[in-house]
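# Summary of the model geometry
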Amino acid sequence: MPQPVGSAAVLGGSLAGLLHARVLAEAGWRVTLVERDRRPAKAEFAGGVPQARQAHLLMPSGLNAIERLLPGTTALLAGEGAQHLGLPTDIRWLTPAGWLDTFSSRHSIVCFTRPLIDWALRHQVLSHPGIETRDGVEAVGLTVAGPRIAGVRCRERGSSDRSETVLAAEVVVDATGRTSRTPHWLNDLGFDVPEESVVDGGVSYATGLFRRAEDLPVGRALYLQPRPGHNPRFGVLLPVEGGRWMVTIGGMRGFTAPTDPEGFLAFTRELRAPDLHEVLKGLEPVGPIHGFRPPPSRRRHYERLAGLPEGLLVVGDAACTFNPMYGQGMSVAARSALVLRGLLSAGGRGARGSGVATSAAGRAVGLPVPTRRVQRAVFRAAETAWQMASSEDLRYETTVGGRRGPLLRFQHAYLDRVLSAARSNRVAQSAFVDTLSLTAPPTRLFAPGVLWQAVVHGGARGRRVEP
Ligand SMILES: Cc1cc2nc3c(=O)[nH]c(=O)nc-3n(C[C@H](O)[C@H](O)[C@H](O)COP(=O)(O)OP(=O)(O)OC[C@H]3O[C@@H](n4cnc5c(N)ncnc54)[C@H](O)[C@@H]3O)c2cc1C
């Protein structure tokens, strides 16, 4: 094996951690993946990712990014029973503007239980000889040498021995998810902490699994979106592996999704259309219903920190989380790993650039690009998803935080028109789906053909919208 370029520690062995670890290993780094939990060998629920019991679907841009990073993952998932659905043709979809008459699908989404994709990624990533895993080890702090990162303070989880060890690393990637402690660790070391943008829609989730029958009147999947100002409840029925349906219900602030079977069924009666309720009445549950209250959408602005220790990167949910209703978090994490790969390969395998220092032994230390530049690129990879999710949450009066004003009102009014036109117009629909699936930038919604449809056919006149 060639000499490693250097040593990197990736904290958190879930989706973002696995993908970023693999990118670093392929660029020649010796990577230690530190995970607080003991990860199961099979596709089973692990406590460190509590949201894993809730519906998780992978958007086309995420699937595409993962396939580019780890060729063969799509086939691996399909072989294990993950379900590919044409977006939007395989989904009976009630949008805030009404039912979508679907035309054709240029994209597909993948539906599975979250443990399945976590297992598939572990299977794909950990085969790399440059990655060593440390399961059951919790990162509890960082160490620095002047302005550079020098390592991670670690502790065995669940052991009565509270002693710490230091894992030396030139590069540390924080992928510890929503509960990331990096702001506290930076503060303890006397570094600036990132500013935060927070938007809190107060969303609540509950999910159950049911035995799947193939001949349901709703087709392959059903999505009943909320309608701001009218009905903030949503419901979704997705096919997943193991011949099961996954049913998730939820609502914005003030509408807690129940986890008892009677309450769960009763909640579906209050959705904007009866379809899910009618289907659910006949389904056989396989296991209990699990509730979850996701914390607010939070963006930590590491990209603004001039004094971030060189060699420290924060990725995935640790950097930016969204209201999960829009299904984007995993895709953003995968795109971030792709961005890192692009920047590393631009520097060349083992090449060193302007962000690099030299060790006492004359060896170059650090990434081939300044980590602040990488952090900015990671920030940009999340930008569209953040804008989309936070501005949609701000349609609800009960949402706390965020910035409201004339620009947001214009944005909402224009998007209402695009969506209204998208119900029955092919051009507007494909722009809407491309943007939602993160395969096109939001500017696609302002392309001349879409603008025309929005202005001419997107008005409220003649529009029938369910409550
Ligand atoms: C209810 C819900 C539904 C969602 N649905 C979707 C969806 O449909 N589609 C989608 O794309 N996204 C969805 N998401 C978002 C998705 O779950 C996250 O974006 C994704 O898991 C982010 O991955 P991550 O690796 O950054 O963090 P996580 O998956 O949260 O993983 C963090 C990891 O770090 C470990 N860890 C934490 N602290 C430490 C420490 N100190 N030391 C070592 N290890 C540590 C944890 O054990 C865990 O393994 C949903 C989220 C929620 C809450």
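Quick caveat: nothing in here was measured; it's all calculated off a predicted structure.

## Quick word on the overall build of the protein chain
Within the protein chain, the regular secondary structure consists of 12 helices and 24 strands. In summary, the protein chain has a C-alpha radius of gyration of 23 Å against a globular reference of 23 Å for 467 residues, a match within 12%. In terms of overall dimensions, the protein chain has C-alpha extents of about 75 × 50 × 40 Å along its principal axes. For the protein chain, restricting intrachain contacts to residue pairs at least 6 apart in sequence, the fraction spanning at least 24 positions comes to 71%. For the protein chain, the accessible surface area stands at approximately 19500 Å², while carbon and sulfur atoms represent 53% of it. Charged side chains in the protein chain number 55 positive and 41 negative. The centres of these two groups are separated by 5 Å.

## Here's the deal with the nonpolar core
Within the largest apolar cluster, 51 residues are counted, with the highest numbers of intra-cluster contacts made by Leu-19, Leu-24, Trp-29, Val-31, Phe-112 and Ile-117. Residues from two domains meet in this core; each of domain 1 (7-43 + 117-197 + 299-382) and domain 2 (75-112 + 204-292) gives at least three. Residues within four places of Leu-24 in sequence aside, it is in contact with Ala-8, Val-10, Trp-29, Val-31, Val-173, Leu-340, Leu-344 and Leu-367. Membership of the second largest hydrophobic core comes to 42 residues, among which are Leu-238, Phe-322, Ala-382 and Phe-432.

## Here we look at empty space enclosed by the protein
Evaluated as defined, the whole model comprises 5 cavities of 30 Å³ or more. A volume near 110 Å³ is recorded for the largest cavity. Along its surface, the largest cavity is lined by 14 residues, and Ala-319, Cys-320, Val-378, Phe-379 and Ala-382 are the ones closest to its centre. Counting residues per element, the ones that place at least two in the lining of the largest cavity are strand S19 (297-300), helix H8 (329-347) and helix H9 (371-393). Among the elements that line the lining of the largest cavity, the one with the most residues is H9, at 4 residues. A breakdown of the residues in the lining of the largest cavity according to their chemical character gives 8 nonpolar, 3 polar and 3 charged.

## Some words on the domain arrangement of the protein chain
Annotation of the protein chain at the domain level lists domain 1 (7-43 + 117-197 + 299-382), domain 2 (75-112 + 204-292) and domain 3 (405-457). On a C-alpha basis, the centres of domain 1 and domain 2 stand 34 Å from each other. In total, domain 1 and domain 2 occlude about 780 Å² of area from one another, counting both sides; carbon and sulfur atoms represent 80% of this. If you sort the residues of domain 1 by the area they bury against domain 2, Ile-117, Trp-119 and Met-325 come out on top, with a joint share of 61%. Broken down by element, the residue count for the side of domain 1 that touches domain 2 peaks at 5 residues, all from helix H4 (residues 114-125). A per-class count over the side of domain 1 that touches domain 2 returns 6 nonpolar, 3 polar and no charged.

## A short note on the site of the ligand
Not every one of the 33 residues close to the ligand is listed here, only the nearest: Ser-14, Glu-35, His-56, Arg-114 and Asp-317. Within the contact set of the ligand, an oxygen atom lies 2.9 Å away from a backbone nitrogen or oxygen of Ala-16. Here Arg-36 contributes a backbone N or O atom positioned 3.1 Å from a nitrogen atom of the ligand. In the complex, 97% of the free accessible area of the ligand, which totals 1000 Å², lies under the protein chains. Breaking the shell around the ligand down by element, the ones donating at least two residues are helix H1 (15-26), strand S2 (30-35), strand S3 (56-58), strand S9 (137-145) and H8. In terms of residue class, the shell around the ligand is made up of 13 nonpolar, 13 polar and 7 charged.

## Some details on the packing of aromatic side chains
The final tally for this structure, using the stated rule, is 6 aromatic pairs. Three or more aromatic residues joined by ring pairs make a cluster, and in this case those are Trp-93, Tyr-223 and Phe-432. One cation-aromatic arrangement involves Arg-53 over Phe-45; the distance from NZ or CZ to the ring centre is 3.6 Å. Positioned above the aromatic ring of Phe-379 is the side chain of Arg-299, whose terminal nitrogen or guanidinium carbon lies 3.7 Å from the ring centre.

## Describing the sheet that holds strand S1 (residues 7-11)
The strand order across the open sheet formed by 5 strands is S8-S2-S1-S12-S20, and the pairing between neighbours is parallel. Each edge of the sheet is formed by a strand with only one pairing partner; in this case those strands are strand S8 (131-135) and strand S20 (312-314). Between one strand axis and the next, the sheet turns by 15 degrees as a mean value, whatever way the strands run. Of the pairings in the sheet, the one linking S1 to S2 comprises 5 bridges and is parallel in character. From the neighbouring strand, Val-10 faces S2, where its bridge partner is Leu-33. In this fold H1 packs onto S1, S2, S8 and strand S12 (171-174), with an angle of close to 165 degrees to the strand it touches most, S2.

## Description of the pairing of S1
Most of S1 sits inside the fold, with 5 of its 5 residues counted as buried. Every second residue of S1 is oriented toward a common face, with Ser-7, Ala-9 and Leu-11 on one face and Ala-8 and Val-10 on the other, all of them buried. Assessed by its sense of winding, the connection that carries the chain from S1 through H1 to S2 is right-handed.

About the cut-offs
- Residues numbered from 1 in each chain as written.
- Predicted model: local features only at pLDDT ≥ 70, side-chain atom pairs only at ≥ 80, totals over all residues.
- Heavy atoms only, no water.
- Helix = DSSP H or I, 4+ residues; strand = E, 2+ residues; numbered from the N terminus.
- Rg over C-alpha atoms; globule rule 2.2 N^0.38 Å.
- Contact = heavy atoms within 4.5 Å.
- Areas by Shrake-Rupley, 256 points an atom, 1.4 Å probe, with all protein chains shown as cover.
- Lys, Arg positive; Asp, Glu negative; His and termini not counted.
- Charge placed at Lys NZ, Arg CZ, Asp CG, Glu CD.
- Core = buried A, V, L, I, M, F, W, Y, C linked by side-chain atoms within 4.5 Å.
- Buried < 20%, exposed > 50% of the residue type's maximum accessible area, 1.4 Å probe, protein only.
- Domains from an automatic or database assignment.
- 1 Å grid on protein atoms, 1.4 Å probe; cavity = no way out; pocket = protein on both sides within 12 Å on 5 of 7 lines; lining within 4 Å.
- Points joined across faces, edges and corners; volume = space filled by probe spheres on them.
- Nonpolar A, V, L, I, M, F, W, Y, C, P; charged D, E, K, R; others polar.
- Buried area = accessible area lost by both parts, 1.4 Å probe.
- Near = heavy atom within 4 Å.
- Polar contact = N/O pair within 3.5 Å; in protein donor to acceptor, adjacent residues only side chain to side chain.
- Phe/Tyr/Trp six-rings, centres within 6.5 Å; stacked < 30°, edge-to-face > 60°.
- Lys NZ or Arg CZ within 6 Å of the ring centre and 35° of its normal.
- Pairing = 2+ DSSP bridges.
- Axes fitted to C-alpha atoms, helices over the stretch in contact; angles between N-to-C directions.
- Right-handed = clockwise from strand over helix to strand, strands pointing away.

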